[in-house]
Amino acid sequence: MDVAAPPIRRDWTLDEFVDYLGTWSATRRARDAGRTDLLDALRVDLAPVWGERRRVTWPVTVVAGTL
């Protein structure tokens with residue numbers, strides 16, 4: 001069964017994007033393992049190219065069927 005699911009789109013500041021990444025379980029595990037620098041380093045790397053706001057898009061996957 002094909003189900004059309006539009007992607008999620010957000011126009012985010014760099015801070016909003018990095019804060020979102022901080023909610024990921026992998027980011028939390030890295031932080032718990034002592035890698036508290038990862039998001040700060042990413043913020044520094046992206047700052048020169050991000051601009052004021054940037055469109056962030058990710059797909060939504062739907063698995064659907066009938067019984």
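Refer to the structure presented above.
What you see is a predicted model; the values in this text were computed from it and never measured. Position numbers for residues start from 1 in each chain and track the written sequence from start to end. With pLDDT at 70 or above as the cut-off, local features in this predicted model cover only qualifying residues; side-chain atom pairs require 80 or more to be listed or tallied, and sums for whole chains, interfaces and linings still use all residues. Computation of side-chain values covers all heavy atoms of the structure but excludes hydrogens and water.

**Some thoughts on the environment of Pro6**
Then step 1. Looking at the secondary structure, you find Pro6 in the segment before strand E1 (8-12).
Then step 2. When a residue's accessible area, from a 1.4 Å probe over protein chains only, is under 20% of the maximum for its type it is buried; when over 50% it is exposed; and in between it is partly exposed. Judged by its relative accessible area of 63%, Pro6 falls in the exposed class. Secondary structure is summarised from DSSP: a helix means a run of H or I of at least four residues, a strand means a run of E of at least two, and numbering begins at the N terminus for each.

**Some points on the side chain of Thr27**
Then step 1. Considering the arrangement of structural elements, one finds Thr27 in helix H2 (residues 25-32).
Then step 2. Here Leu21 takes part through its backbone oxygen, which lies 2.9 Å from a polar atom of the side chain of Thr27.
Then step 3. Discounting residues that sit within four places of it in the chain, Thr27 has contacts with Leu21, Gly22 and Leu39. Throughout this description, a polar contact denotes any pair of N or O atoms lying within 3.5 Å of each other; where both atoms belong to protein, one of them has to be capable of donating a hydrogen while the other can accept it, and for residues adjacent in sequence the pair is counted only when both atoms sit in side chains. Contacts between residues were defined by any pair of non-hydrogen atoms, one from each residue, lying within 4.5 Å.

**Structural notes on the packing of helix H1 (residues 14-21) against helix H3 (residues 38-50)**
Then step 1. Each axis is a line fitted through C-alpha atoms, and for a helix only the stretch in contact is used; angles between axes span 0 to 180 degrees, taken between their N-to-C directions. Axis separation between H1 and H3 bottoms out at 10 Å; the angle between their running directions is 150 degrees. Between H1 and H3, the angle falls in the class roughly antiparallel. For the pair H1 and H3, the crossing hand works out as right-handed. Contact residues: Leu14, Asp15, Phe17, Val18, Asp19 and Leu21 in H1; Leu39, Leu42, Arg43, Leu46, Ala47 and Trp50 in H3.
Then step 2. Residue composition of the contact of H1 with H3, grouped by class: 9 nonpolar, no polar and 3 charged. Small angles under 35 degrees read as roughly parallel and large ones over 145 as roughly antiparallel, with 65 to 115 read as roughly perpendicular and the rest as oblique. Crossing handedness: left-handed means the near helix sits turned counterclockwise from the far one by under a right angle, and right-handed means the same turn made clockwise. Residue polarity follows a fixed list, in which Ala, Val, Leu, Ile, Met, Phe, Trp, Tyr, Cys and Pro are nonpolar, Asp, Glu, Lys and Arg are charged, and the others, Gly among them, are polar.

**Overview of the pattern of salt bridges**
Then step 1. Salt bridge, as applied in this entry: a Lys or Arg side-chain nitrogen positioned within 4 Å of an Asp or Glu carboxyl oxygen. Scanning all chains against the criterion turns up 4 salt bridges.
Then step 2. Between Arg53 and Glu16 there is a salt bridge, with its nearest N and O atoms 3.2 Å apart. Pair noted here: Arg53 is in the loop between H3 and strand E2 (54-58) and Glu16 is in helix H1, with a separation of 37 residues, a long-range link.
Then step 3. What makes Glu16 partly exposed here is its relative accessible area of 33%.

**Remarks on the environment of Thr13**
Then step 1. Residue placement: Thr13 occurs in the loop between E1 and H1.
Then step 2. The class for Thr13 is partly exposed, based on a relative accessible area of 23%.
Then step 3. Once the C-alpha coordinates of Thr13 and Arg54 are considered, the two residues, 41 residues apart in sequence, prove to be 6.5 Å apart.
Then step 4. For Thr13, the contacting residues outside a window of four places in its chain are Trp50, Glu52 and Arg53.

The analysis is restricted to geometry; functional conclusions fall outside its scope.
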